[in-house]
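# Remarks on the overall topology
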Amino acid sequence: MKTIALLLLLGASLPAIAQVQDTNAYLQRMDSDGDGRVSPDEYLQWMLYAFDKMDRNGDGVLQPDEQPGGRGKPITREEQRQVILARFARQDANGDGYLSARELMAPPR
């Protein structure tokens, strides 16, 4: 019985591990048009999902109580959008306007 429980536990954790370690799977999740690269719009859509989930009252502003740790200055969705686009530009190492799997998984620049 313990063996079955351990196998179930290991099986449940494998998809999460694969998502982090398999850069191609990560790219495929973000690459909504399937062209093998992530555009700024695809990156924004993926990254703003977290903002939208945290914005519990849906007013387009993350108040401190909506942010991790319950602290921070209020940030609008547009301000967050600009932060994300700046991050995209830094990650786009070859400057082609798209992120490859390698660029997506590279440490932040």
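Keep in mind that this is a model prediction, so the values were computed, not measured. (Residues numbered from 1 in each chain as written. Predicted model: local features only at pLDDT ≥ 70, side-chain atom pairs only at ≥ 80, totals over all residues. Heavy atoms only, no water.)

## Some words on the overall build of the chain
The helix and strand tally for the chain stands at five helices and two strands. Counting from the amino terminus, helix and strand elements in the chain follow one another as α-α-α-β-β-α-α. Buried positions account for 23% of the 109 residues belonging to the chain. (Helix = DSSP H or I, 4+ residues; strand = E, 2+ residues; numbered from the N terminus. Buried < 20%, exposed > 50% of the residue type's maximum accessible area, 1.4 Å probe, protein only.)

## Notes on the packing of aromatic side chains
This structure, assessed with the given rule, holds one aromatic pair. Taking NZ or CZ as reference, R37 lies 3.4 Å from the ring centre of Y98, over its face. (Phe/Tyr/Trp six-rings, centres within 6.5 Å; stacked < 30°, edge-to-face > 60°. Lys NZ or Arg CZ within 6 Å of the ring centre and 35° of its normal.)

## Here's the deal with the nonpolar core
Among the nonpolar cores identified, the biggest contains 14 residues, and V38, Y43, L99 and L104 are the most heavily contacted of them. Mapped by element, the contributors of at least two residues to this core are α2 (23-30), α3 (40-54), α4 (77-91) and α5 (101-105). In this structure L104 touches Y26, L27, M30, V38, Y43, Q91 and L99, once residues within four positions along its chain are discounted. (Core = buried A, V, L, I, M, F, W, Y, C linked by side-chain atoms within 4.5 Å. Contact = heavy atoms within 4.5 Å.)

## Examining the pattern of salt bridges
The final tally for this structure, using the stated rule, is four salt bridges. A salt bridge links D35 to R37; the shortest N-O distance between them is 3.2 Å. Between D52 and R77 there is a salt bridge, with the nearest N and O atoms lying 2.8 Å from each other. On the criterion of sequence distance, the pair formed by D52 in helix α3 and R77 in helix α4 is long-range, its members being 25 residues apart. Accessibility expressed as a relative area gives 34% for R77, which makes it partly exposed. (Salt bridge = Lys/Arg side-chain N within 4 Å of Asp/Glu carboxyl O.)

## Let's talk about the side chain of E42
Residue placement: E42 occurs in helix α3. Here E42 is buried and forms no salt bridge, its nearest opposite-charge partner R37 lying at an N-O distance of 7.1 Å. In terms of polar contacts, E42 uses its side chain to reach the backbone amide nitrogen of D33, at 3.1 Å. When neighbours within four sequence positions are excluded, E42 is seen to be in contact with M30, D31, S32, D33 and R37. (Lys, Arg positive; Asp, Glu negative; His and termini not counted. Polar contact = N/O pair within 3.5 Å; in protein donor to acceptor, adjacent residues only side chain to side chain.)

## A word on the confidence of the model for the chain
The pLDDT averaged across the chain works out to 82; a share of 80% of its residues lies at or above 70. Element-level pLDDT for the chain is lowest in helix α1 (residues 2-21), with a mean of 37, against a maximum mean of 97 in strand β2 (residues 75-76). (pLDDT = per-residue confidence, 0-100.)

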